[in-house]
Amino acid sequence: IAIVAAVLIESCLPGWNSHLRVKAPLLMGIVIYYALNRSLGLALAAGVVGGCVYDSLCGLPPGCSVIILTLFAALFRRNREFLFGERLLTQLLVGALAGGVFAVLTGLGVALLPGAGGGRMPTQLLTRVFGMGALGMASLPLVYRVMLRLDRMVGNTHQEESAA
């Protein structure tokens, strides 16, 4: 439900016009939240389902976002012991870095497209990287807090909390 809600909200939000209509990466934030707080299976499932929905709504080449979000899920899940997920500074840095990387990788996918949508100029890609990084930094702490609150409201517990 969170993935569908994030995609719908992200698609309804206006784009940041000065940065090529970049939108806040809410779906990426949910995948990162799942990677830091849930099992590997749930994190990968969030990446695959979220990527499929994102690709279909944004007109990206099929599988482009699936691959990127699944790699994010695996990477953040593997390194979650080194990340302090509930710290604001970590969320800001991870949001900025992940947003920038997401913009670069999806930009490479779009650049491979034939026709008017493909072949973006390097300056356009740089503008998208900056915009997506800034919006990722702004949105990840919000997404993380909302997801954490929802998890606590419905009684979901972390696996580590159950084992302790």
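Look above for the structure.
Let me sum up the structure you'll find in this document. A quick note: this is a predicted structure, and the numbers were derived from the prediction, not measured.

**Side note on the pattern of salt bridges**
- In this structure the tally under the stated criterion is 1 salt bridge.
- In this structure, aspartate 151 engages arginine 38 in a salt bridge whose closest nitrogen and oxygen atoms are separated by 2.7 Å. With a gap of 113 residues between them, aspartate 151 in helix 6 (residues 122–154) and arginine 38 in the loop between helix 2 (26–37) and helix 3 (40–58) connect regions that are remote in the sequence.
- By relative accessible area, which is 8% here, aspartate 151 ends up buried.
- In this structure arginine 38 comes out as buried when scored by relative accessible area, which is 10%.

**Some words on the environment of glycine 95**
- By the secondary structure assignment, glycine 95 is in helix 5 (residues 88–111).
- With relative accessibility at 0%, the residue glycine 95 sits in the buried group.
- Each C-alpha atom of the pair glycine 95 and glycine 136 lies 4.4 Å from the other, and the pair is 41 residues apart in sequence.
- Discounting residues that sit within four places of it in the chain, glycine 95 has contacts with Met28, Gly133, Gly136, Met137 and Leu140.

**A short note on the packing of aromatic side chains**
- A complete count under the given rule lists 5 aromatic pairs for this structure.
- For the pair phenylalanine 72 and phenylalanine 102, a centre-to-centre distance of 6.4 Å together with 50° between the ring planes defines the contact as tilted. Within this pair, whereas phenylalanine 72 is found in helix 4 (residues 64–78), its partner phenylalanine 102 is found in helix 5, the two being separated by 30 residues in sequence. Take phenylalanine 72 and phenylalanine 102: they sit in the same class, and that class is buried.
- Through successive ring pairs, a cluster of aromatic residues spans Tyr54, Phe72, Phe76 and Phe102.

Quick notes on the rules
- Residues numbered from 1 in each chain as written.
- Predicted model: local features only at pLDDT ≥ 70, side-chain atom pairs only at ≥ 80, totals over all residues.
- Heavy atoms only, no water.
- Salt bridge = Lys/Arg side-chain N within 4 Å of Asp/Glu carboxyl O.
- Helix = DSSP H or I, 4+ residues; strand = E, 2+ residues; numbered from the N terminus.
- Buried < 20%, exposed > 50% of the residue type's maximum accessible area, 1.4 Å probe, protein only.
- Contact = heavy atoms within 4.5 Å.
- Phe/Tyr/Trp six-rings, centres within 6.5 Å; stacked < 30°, edge-to-face > 60°.

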